[in-house]
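Listed here are the chains, written in short residue letters.
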Amino acid sequence: MANADCRNQMSMEKFVLLGFGNLPELQILLCLLFLAIYMVTMAGNILIVVLDVADQHLHTPMYFFLGNLSCLETCYTSTILPRVLASLLTGDRTISVSGCITQFYCFGILAATEYYLLAVMSYDRYLTICNPLRYATLMNGSICFQLAACSWTSGFLGSIIVIILMTKIKFCDSSEIDHFFYESSPTIKLSFSDTQLLELMIFTLSSVGSLVPFLFTLASYVCIFNTILRIPSTTGRQKAFSTCSSHIVTVTTFYGTLIIGYMVPTAHRSKDLHKIFSVFYSVLPPRSTPSSTV
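Computed from a predicted structure; not experimentally measured.

Rules and cut-offs
- Residues numbered from 1 in each chain as written.
- Predicted model: local features only at pLDDT ≥ 70, side-chain atom pairs only at ≥ 80, totals over all residues.
- Heavy atoms only, no water.
- Helix = DSSP H or I, 4+ residues; strand = E, 2+ residues; numbered from the N terminus.
- Buried < 20%, exposed > 50% of the residue type's maximum accessible area, 1.4 Å probe, protein only.
- Contact = heavy atoms within 4.5 Å.
- Axes fitted to C-alpha atoms, helices over the stretch in contact; angles between N-to-C directions.
- Parallel < 35°, antiparallel > 145°, perpendicular 65-115°, else oblique.
- Left-handed = near helix turned anticlockwise from the far one by under 90°.
- Nonpolar A, V, L, I, M, F, W, Y, C, P; charged D, E, K, R; others polar.
- Core = buried A, V, L, I, M, F, W, Y, C linked by side-chain atoms within 4.5 Å.
- Pairing = 2+ DSSP bridges.

Undergrad: Just checking my understanding: could you explain the environment of G155 for this structure?
TA: Relative to the elements of secondary structure, G155 occurs in helix 6 (residues 141-166). A relative accessible area of 0% means that G155 is categorised as buried. Through-space distance from the C-alpha of G155 to that of E114 is 8.3 Å; in sequence the pair is 41 residues apart. Ignoring sequence-local partners within four residues, the contact set of G155 consists of I109, A112, T113 and Y116.

As structure tokens, this is what we get:
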């Protein structure tokens, strides 16, 4: 009966992102906090990219991938934070359906690309520590470019399939999304269309796109730690570990918040807690600043 009523309604043109509207007394504080985070994130990542390009000493595979990650995180944060800041400043929480889909598409591309880039960076660390004599051959400029291009292309192709399916679903008049940016799960619940194929596609692509890079990264670090433990001197072990310590923090933070945010059953967590975890992987993308050059 509810679905029949939805079908009789006019096509919906806007969503309302509730965001942090249940905390009106913290709107100004949140606005200042997110603005500071956005400025620091943009300045830090742009500085890394400029240094990578300008300094000849930084023209190495590690800094090449770091430059790609910095570009990605600049776009990643810009996909969400400007809209959040505008909502906090003006109180206008509406966003068009096309704007939602565009935000979701950009976010999906960048998130998927980050999975692959982090995996590629773990492979780079693996070669540095486990195969140092063959590193220059196995990680030359051409291979670096191909790995980075494959990461970006994979993120693009995986996301476009979901977007094509999302443009075909219709929504009920209940347009409120209890989040600060557009997510697929709460939005699908507003639809009166058959979303089984869409949900299956999102689950499949998300699982493959995140699990495969995660397992690859995990396997790389198992080999890395095994090699480090066989180094006889303490100084040598510390130096080897320092070359990948910041990447370990990045991977742990990124995957840790995603796992907690999405794998813990909804019944066991509040919506506000879910928003907090979302801040960690969307508003606060982990920095991956290398500890030392190789």
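Undergrad: What exactly am I supposed to notice about the packing of helix 3 (residues 61-90) against helix 6 here?
TA: Helix-helix packing: each pair is described by the crossing angle between the helix axes and the interaxial distance. Axis separation between helix 3 and helix 6 bottoms out at 10 Å; the angle between their running directions is 20°. When the axis of helix 3 is compared with that of helix 6, the two are roughly parallel. Of the two possible hands of crossing, helix 3 and helix 6 adopt the one that is right-handed. Packed against helix 3, whose contacting residues are P61, F64, F65, N68 and L72, the element helix 6 presents C144, F145, L147, A148 and W152 at the interface. Grouping the constituent residues of the contact of helix 3 with helix 6 by class yields nine nonpolar, one polar and no charged.

Undergrad: Would you take a moment to explain the nonpolar core for this structure?
TA: In summary, soluble globular proteins display a tendency toward joint burial of nonpolar side chains. In terms of nonpolar packing, the biggest core is built from 31 residues, with F34, F65 and Y76 touching the most fellow members. Elements supplying a minimum of two residues to this core: helix 2 (27-54), helix 3, helix 4 (97-130), helix 6 and helix 10 (245-263). Setting aside residues no more than four positions away along its own chain, F65 makes contact with V120, M121, D124, M139, C144, L147 and A148. By size, the runner-up hydrophobic cluster in this structure holds 16 residues, among which are C100, I101, Y105 and V162.

Undergrad: Looking at this structure, I do not really get the packing of helix 4 against helix 6. What am I missing?
TA: As a packed pair, helix 4 and helix 6 sit with axes 8 Å apart at the nearest point and diverge in direction by 150°. Classified by the angle between their axes, helix 4 and helix 6 sit roughly antiparallel to one another. In the crossing of helix 4 with helix 6, the sense of the turn from one axis to the other is right-handed. Between helix 4 and helix 6, the contacting residues are I101, F104, Y105, G108, I109, L110, A112, T113, Y116, L117, V120 and Y123 on the first element and L147, S151, W152, S154, G155, F156, S159, I160, V162, I163 and M166 on the second.

Undergrad: What should I look at first to understand the sheet that holds strand 2 (residues 94-96) in this one?
TA: Whether parallel or antiparallel, the strands of a sheet pair through hydrogen bonds between backbone atoms. Strand order in this open sheet of three strands is 2-1-3, and the pairing throughout is mixed. Of all strands in the sheet, those bounded by a partner on one side alone are strand 2 and strand 3 (176-177). Bridging between strand 1 (residues 14-17) and strand 2 involves three bridges; their strand directions are antiparallel. Paired with V16 across the strands is T94, a residue of strand 2. Across the face of the sheet, helix 4 comes into contact with strand 1 and strand 2 while running at roughly 80° to strand 2.

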